[in-house]
Amino acid sequence: MWNWETVREGLPLILRGFEVTLLATVLGSLLAIVLGLGIAVLRRTAGPWVTVPLRAVVEFVRSTPVMIQLFAAWVLLPALQPLVIGITVLGVHYATYTSEVYRAGIDAVPRGQWEAAKALSLPRTRTWFAVVLPQAVRRIVPALGNYVISMFKETPFLSVITVDEMVHEANTFGSDHFAYLEAFTLAAAIFLVASTPTSILMRKLEKRLAH
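The model shown is predicted, which means the values in this text are computed figures rather than measured ones.

K.L.:
Before we go on, may I ask you to explain the nonpolar core in this structure?
P.N.:
The tendency in soluble globular proteins is for nonpolar side chains to be buried as a group. Ranked by internal contacts, the top residues of the largest apolar core, which has 14 residues, are Leu 70, Val 89 and Leu 158. For this core, the elements supplying multiple residues, two or more each, are α1 (4-45), α3 (66-76) and α4 (82-107). A per-element tally of this core places α4 first, with 5 residues. In contact with Leu 158, other than residues within four places in its own chain, are Ala 24, Leu 70, Gly 86, Leu 90, Val 163 and Glu 165. Grouped together as the second largest cluster of nonpolar side chains are 13 residues, Phe 18, Met 166, Phe 173 and Phe 191 included.

K.L.:
Would you explain the layout of surface pockets in this entry?
P.N.:
Empty pockets left among the atoms are what a rolling probe the size of a water molecule brings to light. Taken as a whole, the largest pocket encloses approximately 190 Å³ of empty space. Taken together, Leu 22, Thr 25, Val 26, Ser 29, Leu 30, Ile 33, Val 148, Ile 149, Phe 152, Ala 194, Ser 195 and Thr 198 make up the lining of the largest pocket. If you list the elements that add at least two residues to the lining of the largest pocket, you get α1, α6 (124-154) and α8 (180-210). Among the residues forming the lining of the largest pocket, the class breakdown is 8 nonpolar, 4 polar and no charged.

K.L.:
Would you explain α3 in this entry?
P.N.:
In an α-helix there are 3.6 residues to a turn, and that puts residues three or four apart on one side. The set of residues buried in α3 consists of Val 66, Gln 69, Leu 70 and Ala 73. Seen along its axis, α3 keeps its buried residues to an arc of 100 degrees; they face one direction. Considering only its buried residues, α3 is in contact with α2 (48-63), α4 and α6.

K.L.:
Help me understand the packing of α1 against α6, please; the structure alone is not making it clear to me.
P.N.:
Two quantities define a packed helix pair, namely the angle between the axes and the distance from one axis to the other. Put simply, α1 and α6 touch, their axes get as near as 10 Å, and they point 140 degrees apart. Handedness of the α1/α6 crossing: right-handed. The segment α1 lies against α6, with Phe 18, Thr 21, Ala 24, Thr 25, Gly 28, Ser 29, Ala 32, Leu 37, Val 41, Arg 44 and Thr 45 engaging Arg 124, Trp 128, Leu 133, Val 148, Met 151 and Phe 152. Counted by class, the contact of α1 with α6 contains 10 nonpolar, 5 polar and 2 charged residues.

K.L.:
I tried to follow the side chain of Glu 100 on my own but got confused; where do I start?
P.N.:
Examined against the element boundaries, Glu 100 turns out to sit in helix α4. Among the residues examined, Glu 100 registers a relative accessible area of 19% and is labelled buried. Look past the residues within four positions of Glu 100 in its chain and what remains in contact with it is Arg 43 and Arg 62.

K.L.:
Before we go on, may I ask you to explain the pattern of salt bridges in this structure?
P.N.:
Charged atoms that come close allow side chains of opposite charge to pair. A complete count under the given rule lists 6 salt bridges for this structure. Here Asp 107 ties to Arg 44 by a salt bridge, and the two come within 2.5 Å at their closest N and O atoms. Linking Asp 107 in helix α4 with Arg 44 in helix α1, this pair joins segments that are 63 residues apart in sequence. Residue classification places Asp 107 among the partly exposed positions, given a relative accessible area of 44%. A residue is classified by how much of its surface remains accessible, and Arg 44, at 42% relative accessible area, is partly exposed. Where Arg 103 meets Asp 107, a salt bridge forms, and the shortest distance between an N and an O atom there is 3.2 Å. You can see Arg 103 and its partner Asp 107 sitting in helix α4, 4 residues apart, about one turn around the helix.

Definitions and cut-offs
Here the residue numbers are simple positions, counted from 1 along each chain's written sequence. Thresholds applied to this predicted model are a pLDDT of at least 70 for local features of residues and 80 or more for the giving and counting of side-chain atom pairs; totals over whole chains, interfaces and linings are not thresholded and use all residues. Side-chain metrics in this entry use all non-hydrogen atoms of the structure; hydrogen atoms and water are not considered. Take the buried residues of types Ala, Val, Leu, Ile, Met, Phe, Trp, Tyr and Cys, join any two whose side-chain atoms come within 4.5 Å, and each joined set is a nonpolar core. Only protein chains enter the calculation, and the probe is 1.4 Å; a residue is then buried if its accessible area is under 20% of its type maximum, exposed if over 50%, and partly exposed in between. Only DSSP runs of H or I with at least four residues qualify as helices, and only runs of E with at least two residues qualify as strands; both kinds are numbered from the N terminus onward. Whether two residues are in contact is decided by their heavy atoms, any of which lying within 4.5 Å being enough. Of the two site types, the cavity is a set of points on a 1 Å grid over the protein atoms alone where a 1.4 Å probe fits but cannot get out, and the pocket is an open set with protein on both sides within 12 Å along at least five of seven lines, each lined by residues with an atom within 4 Å of a point. Grid points are joined across faces, edges and corners, and a volume is the space filled by probe spheres set on the points. Lys, Arg, Asp and Glu make up the charged group, whereas Ala, Val, Leu, Ile, Met, Phe, Trp, Tyr, Cys and Pro make up the nonpolar group; the residues left over, Gly among them, are polar. What the arc measures is the spread of directions leading from the helix axis to the C-beta atoms. Every angle, taken between N-to-C directions, lies between 0 and 180 degrees, and every axis is a line fitted to C-alpha atoms, over only the stretch in contact when it is a helix. Should the near helix be turned anticlockwise from the far one by less than a right angle, the crossing is termed left-handed; should it be turned clockwise, right-handed. Salt bridge, as used here: a side-chain nitrogen of Lys or Arg that lies within 4 Å of a carboxyl oxygen of Asp or Glu.

Structure, rendered in structure tokens:
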């Protein structure tokens, strides 16, 4: 049966796990957003000796489960802290998706913008950062936000490499106190409270940018 005293006792531990979950989400998302942009630009500008192996790596990462990637990195890199491994793997995994989002945004920039930049003899770097990317990013912000939410909901996978994220802490508390119902309900409620406002914001932003 539900026990409110157990909830009160377990909440601080689960909130401590939420801090780890939030940290992994924020840092992993930053890595995914920056690395995804780099991948998208390289695939558009570099020669085949870069783009062909890069495409193969991207497809490999996208086609394998993130849990297996986490476990493999944990086994192969024992000197690194599990949280560092988790953030890096999540960031790289989602970078393969954000790179496709960036690619779609870049392709949506009108060809005339590229031609105008070329007619003005703008350097390639300035063309990208002053003309192309500002227009592309405006179109893809909602999609990037959705991937951040997805990463947040996949942080429980970090428990397989012993990261003390929220679900791991809920499982530990539930095991120690024979209170899995209260522990996992708390974790689910925190996930819901944290992700729902962000989802609503992304939908509003998408509608606003569509006009």
